[in-house]
Structures are given as structure tokens and as C-alpha cells.
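Observations on chain architecture
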Amino acid sequence: ALSVLLIACPCAIGIATPLASTAAAGRAAAVGILVRSGEVFERLARARRVFLDKTGTLTRGTPQLVGVRTAEGLREDAVLAAAAALETHSEHPLAGAVRAAAAAQGLGTCAAADFRAVPGRGVLGRLDLPGGPRLARLGTSEFVTGAPRLREPATSFVHLSLDGEWQGALAFRDELRGSAAEAVAALQSRGLAVEVLSGDQREAVEAIASSLPGLAAEGELGPEDKLARVVLSIRRGEVPVMVGDGINDAPALSGAAVGVTLESGTDLAREVAEVTILGGDLRRLPWLMGLAAETLRTARLNLFWAFFYNVVGLALAVQGRLHPLFGALAMILSSLLVVLHSQRLNRYPLRGFGR
């Protein structure tokens, strides 16, 4: 009876999965990946589709102002100064580029009041301009009244209007991250479908996608559109992973099976995401997917051994063929084997990138 009690103790079964997840989380943290919970590894191991944001995720997130288009009779510096004043309180990467360009030209900015950001569309507020306050809008062509459809490969346009009259547009370009091509190729080699979901203009998104073979892309999507793509993927029975860094990505990050953001992401993105990649190296994502698959295999082997030990040991104990001392030793060895096997994850090799 004592042998049966000792063998039936489910210690190894109880620690089989948590130990594997804990070891994997420690290994990920050691290379700059913060994982919020052990359940994330199971979902990552089953994922078959990855959605990527463009600005700040596939690209460096430091767009540069490359030109200003103006309405007839307006000066470029006036349009830039008004845009910089409106972007004073914005966290968007384009806002930083606008402010930097205005500062480089020594342009002064007026006061902005009643500022409001519309995720995926733009910003608006009142500018204290000569002649009195004016309602300003800065954003997509759909957001800004009277904005023309400006098209140029690899270029994103942000339009400005004052009291409903189009004033001009700012042209931006952003560079692809050095690790983006390798990361996308590594994800595809693991059998994952990779797609870009971006709020930027279609031409700019397609230009980025064309430089990465086999990458599907869709532009001019709002936060609700990105979430709809994620929900559709889930309804199809897929386990989607969303990677983004902005406020516009927050709904999709929250709705995906696993939300992944970068260290440079906004506070909201880091709050809702379950994985944070430090350093901005996208090659850490396919590496994490590999670690997740290895974690799932390790947990399954742990459970197999724990159940095998219990079934065989319990049969011997019931027949009176197992001394209690050997039963106690077997229980200890079973738990020790699960611990040692899980600790192998701490040595999971770095593949494709360095620390």
C-alpha cells in the first residue's frame, strides 16, 4: 500500500509542462525576448500565419521627410511649420520626422489647442495662426478634406488642411530594417504565411513587399481593418501572430493568438502584447518560434515519461513487486529526469543572430 501511494504521487506530471515553459522563458529573456506567460509558447508552436506592421516593424521607424507638396500660392516652410505645430503632442514616428525637419530649418511653431489623435487616420487641433485660430487636420487623404491622391513608389504622403482647405502634403520615406529580409525568409522556411498589414499608402507598402519575395501585403488599413484580418484568420482555424509597435496596431495585437511588439513600441502596444522583442532585431521572432516548438516537444516528452513511470510503477506496486524504498527512489528520479530534461532548453542554440 505504501508503494502504491508513493508511485501514484503525480509530482512529475504536475511539473512536466510548467518547468519546460519556465526554462524556455528564461532562455528567451537571456537573448532579449520577454514572454509574458508560459501559454504563449504553446500558441507560438501552433501558429501558421504571421501578420506584420510596416512602419517601425519591418522598417526602422525613423522616416525622413523627402519633400513638401503645396497648394498653389503657398510656401513649403509655412506648410511644414503648421504641420510641426500640430504634431507637437503626437507619438507617431512621422510626427518626430516632421518636428525634426522643422527644427532643422529653424522654423518656429505656433500654439496648438484641442489636439486629438484619430488612430490610423491622423491628428487634428486648432492652430493659433495669423488671422485667428484655424482648425487643422493632418493625416491620410481620406481624413483630410479635399486632399488629392498623390502616388509615388516607396513614399508615404501626409496631408494638411486648414478649415477644410487643403494646404499641402509631406512626403516621407523609411528604410527597411537590416534584419527584416532574413526574418521574413526564416519565418517562411518554417512554413508560416507572412503578410504585411499597414495603414500607409498602398504604393509604399507594395514597394516594401516587393523587396521581400513571397510576402503578401495590404495597405491603407485602419486599426479596425487589421483586427478584422486577425479575426478572419482565427475563424479559419489558424493561430495568427500579430507583430506591431504602434497605437494603430493595439487592437490587432490584443485580438491575435499572440501579440508581439518591439522595444521601441508605444506604451499601449507593449501593454497589450504578450511578447516584447528588445533591440529591434526581427530575427529573434523566428528563433522564438523555434524555441516554442522545442518547448512543446520537451513538455510532451516530460508528460510521456511521467505517465509511463506512473503506469508501470503502479502496476508493479499493486502486484506487490515493488519495495517502498524503490518506489520512493523512482518518484525522486522521475521528477529529477523531468527537471534535467526541461533545463536543456536553457542551452537552446542561437540560430541566425547573435546576442
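Residues numbered from 1 in each chain as written. Predicted model: local features only at pLDDT ≥ 70, side-chain atom pairs only at ≥ 80, totals over all residues. Heavy atoms only, no water.

Focus: the layout of surface pockets
Just so we agree on the cut-off: Here a cavity denotes grid points, spaced 1 Å and computed from the protein atoms alone, that fit a 1.4 Å probe unable to get out, and a pocket denotes an open set having protein on both sides within 12 Å along at least 5 of 7 lines; residues with an atom within 4 Å of a point are the lining. Grid points are joined across faces, edges and corners, and a volume is the space filled by probe spheres set on the points. Strands here are runs of E lasting at least two residues and helices are runs of H or I lasting at least four, both read from the DSSP assignment and numbered beginning at the N terminus. When residues are sorted by character, Ala, Val, Leu, Ile, Met, Phe, Trp, Tyr, Cys and Pro go into the nonpolar class, Asp, Glu, Lys and Arg into the charged class, and all the rest, Gly among them, into the polar class.
As a volume, the largest pocket reaches approximately 990 Å³. For the largest pocket, the lining is made up of 46 residues, of which His92, Pro93, Leu94, Gly120 and Asn248 are closest to its centre. Contributing elements (two or more residues each) for the lining of the largest pocket: helix H4 (54-58), helix H6 (93-104), strand E4 (112-118), strand E5 (122-129), strand E6 (132-139) and strand E7 (156-162). When the residues that make up the lining of the largest pocket are grouped by side-chain class, the tally is 13 nonpolar, 20 polar and 13 charged.

Brief notes about the side chain of Ser198
The line we're drawing: Residue contacts are defined here by distance: any two heavy atoms, one from each residue, within 4.5 Å place the two residues in contact.
Residue position: Ser198 is located in the loop between strand E9 (193-197) and helix H8 (202-210). Non-local contacts of Ser198, meaning those with residues more than four positions away in its chain, are made with Asp53, Lys54, Val205, Glu218, Gly219, Glu220, Leu221 and Lys226.

What about the sheet that holds strand E10 (residues 216-218)?
The test is simple: One requirement defines pairing of two strands: DSSP has to find at least two bridges between them. Axis definition: a line fitted to C-alpha atoms, limited for helices to the stretch in contact. Angles are taken between N-to-C directions and run from 0 to 180 degrees.
The strand order across the open sheet built from seven strands is E1-E13-E12-E11-E2-E9-E10, with neighbouring strands paired in mixed fashion. A strand with exactly one partner marks an edge of an open sheet, and here the two such strands are strand E1 (33-35) and E10. The mean angle between the axes of side-by-side strands here comes to 20°, regardless of whether they run parallel or antiparallel. Here three bridges tie E1 to strand E13 (residues 275-277), and the two strands are oriented antiparallel to one another. In the strand pairing of E13, Leu34 is matched with Thr276. Sheet strands touched by helix H3 (residues 39-46): E1, strand E11 (240-243), strand E12 (258-262) and E13. Its angle to E12, the strand with the most contacts, is close to 100°.

With respect to the packing of helix H5 (residues 76-86) against H6
If you want to describe how two helices pack, look at the angle between their axes and the distance between the axes. For clarity, the cut-off: Every angle not falling under 35 degrees, over 145, or within 65 to 115 is termed oblique; those three ranges are roughly parallel, roughly antiparallel and roughly perpendicular. The sense of a crossing depends on the near helix, which, turned anticlockwise from the far helix by less than a right angle, makes the crossing left-handed and, turned clockwise, makes it right-handed.
Running from N to C, H5 and H6 cross one another at 130°; their axes reach a closest spacing of 9 Å. Judged by the inter-axis angle, H5 sits oblique to H6. Considering only the axes of H5 and H6, their crossing is left-handed. Together, Leu80, Ala83 and Ala84 of H5 and Val98, Arg99, Ala101 and Ala102 of H6 make up the contact between the two elements. Residue composition of the contact of H5 with H6, by class: six nonpolar, no polar and one charged.

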